[in-house]
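Breakdown of the fold
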Amino acid sequence: MIIYFIIGAEIAFWLLIIAGLVLRYILKLRRISIWVLAATPLIDLVLIVLTALDLKNGATANTFHGLSAIYIGVSIAYGKQMIDWADQQFKRFVLKTGERPKKLYGKEKGKREALGFVKHIIAYVIGALIIWGMLLILGKDEQTIALYQVWKLWSIVLIIDGLISISYVFFPTKKK
């Protein structure tokens, strides 16, 4: 059941963004578009509530409950960046006014990768707090081992991302 909540949250997130961009650029309703785009964090709140209710109603914690924590962490940490990206794509492909982002090299790319890793850390901390909160409330046993496994795997992914991101700082890419 929780997988449907996650899929629904992702669909709702992008529909709100598209609606906000259409309101802003096509219908010229800038103030309303700001409110619509600002409502995207409400999706995270709904997902937290639905996840908690699912567990409270006796569902066995599984990988998807852990994924909902990851989704929330990523959405909070990267939400503004995702909206900015969608805004640029909308301008470029729908309005035909935006330009292609320039490819970064050297220190600029290293800085962007390091900042991306910092956001990943923020997403990880938020998601890990949610996972460990669920473990604290539910208890760590065979019913909740999937949550612990999700946290462990994400920890490994974070370390790998950190190594790759930092490598761009110490070994900057060069223009070909």
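Up top you'll find the structure we're talking about.
Right, let's walk through the structure included here. (Residues numbered from 1 in each chain as written. Predicted model: local features only at pLDDT ≥ 70, side-chain atom pairs only at ≥ 80, totals over all residues. Heavy atoms only, no water.)

1. Observations concerning the environment of glycine 110
Following the sequence through the fold, glycine 110 ends up in helix α5 (residues 106-138). It is 30 Å that separates the C-alpha atoms of glycine 110 and leucine 37, two residues lying 73 residues apart in sequence. Dropping the residues within four chain positions of it, glycine 110 is found in contact with Tyr168 and Val169. (Helix = DSSP H or I, 4+ residues; strand = E, 2+ residues; numbered from the N terminus. Contact = heavy atoms within 4.5 Å.)

2. Considering the pattern of salt bridges
Applying the stated criterion across every chain, the model contains four salt bridges. Glutamate 108 serves as the salt-bridge partner of lysine 102, at 3.7 Å between the closest nitrogen and oxygen. Linking glutamate 113 and arginine 112 is a salt bridge whose minimum nitrogen-to-oxygen distance equals 3.7 Å. Residue arginine 112 is classed as partly exposed on the basis of its relative accessible area, which comes to 41%. (Salt bridge = Lys/Arg side-chain N within 4 Å of Asp/Glu carboxyl O. Buried < 20%, exposed > 50% of the residue type's maximum accessible area, 1.4 Å probe, protein only.)

3. So, the side chain of threonine 144
Looking at the secondary structure, you find threonine 144 in the loop between α5 and α6 (145-170). Judged by its relative accessible area of 2%, threonine 144 falls in the buried class. A polar side-chain atom of threonine 144 sits 2.7 Å from the main-chain carbonyl oxygen of glycine 139. Not counting the four nearest positions on each side in its chain, threonine 144 is found in contact with Ala61, Leu135, Leu138 and Gly139. (Polar contact = N/O pair within 3.5 Å; in protein donor to acceptor, adjacent residues only side chain to side chain.)

4. Some thoughts on the nonpolar core
Of all hydrophobic cores here, the largest spans 18 residues; its most connected members are Ala123, Tyr124, Ile131, Met134, Leu135, Leu147 and Trp154. Take this core: its biggest share by element is seven residues, from α5. Membership of the second largest hydrophobic core comes to 14 residues, among which are Ile17, Tyr25, Tyr71 and Ile83. (Core = buried A, V, L, I, M, F, W, Y, C linked by side-chain atoms within 4.5 Å.)

5. Side note on helix α1 (residues 2-26)
Over its 25 residues, α1 runs 35 Å from end to end, which matches the ideal 36 Å to within 8%, given 1.5 Å per residue. Elements in contact with the buried residues of α1: α2 (30-38), α3 (40-56) and α4 (63-93). Positive phi shows up at lysine 28, right after α1, with a value of about 60 degrees. (Expected span 1.5 Å × (residues − 1).)

6. Description of the packing of aromatic side chains
The final tally for this structure, using the stated rule, is seven aromatic pairs. Aromatic side chains tryptophan 132 and tyrosine 148 sit 6.0 Å apart centroid to centroid with 85 degrees between the ring planes, which places their arrangement in the edge-to-face category. Pair noted here: tryptophan 132 is in helix α5 and tyrosine 148 is in helix α6, with a separation of 16 residues, a long-range link. For tryptophan 132, a relative accessible area of 33% translates into the label partly exposed. Here the aromatic cluster, defined as three or more aromatic residues joined through ring pairs, consists of Phe13, Trp14 and Trp85. (Phe/Tyr/Trp six-rings, centres within 6.5 Å; stacked < 30°, edge-to-face > 60°.)

7. Observations regarding the environment of isoleucine 145
Note that isoleucine 145 resides in helix α6. Overall, isoleucine 145 belongs to the partly exposed group, its relative accessible area being 38%. A sequence separation of 83 residues divides isoleucine 145 from asparagine 62, and the C-alpha atoms of the two residues are 7.8 Å apart.

8. Structural notes on the packing of α4 against α6
How two helices pack is summed up by the angle between their axes together with the distance between the axes. As a packed pair, α4 and α6 sit with axes 7 Å apart at the nearest point and diverge in direction by 45 degrees. Classified by the angle their axes make, α4 and α6 are oblique. Our pair here, α4 against α6, has a crossing hand that is right-handed. The residues of α6 that touch α4, namely those facing Thr63, His65, Gly66, Leu67 and Ile70, are Ala146, Leu147, Val150 and Trp154. Considered class by class, the residues forming the contact of α4 with α6 number six nonpolar, three polar and no charged. (Axes fitted to C-alpha atoms, helices over the stretch in contact; angles between N-to-C directions. Parallel < 35°, antiparallel > 145°, perpendicular 65-115°, else oblique. Left-handed = near helix turned anticlockwise from the far one by under 90°. Nonpolar A, V, L, I, M, F, W, Y, C, P; charged D, E, K, R; others polar.)

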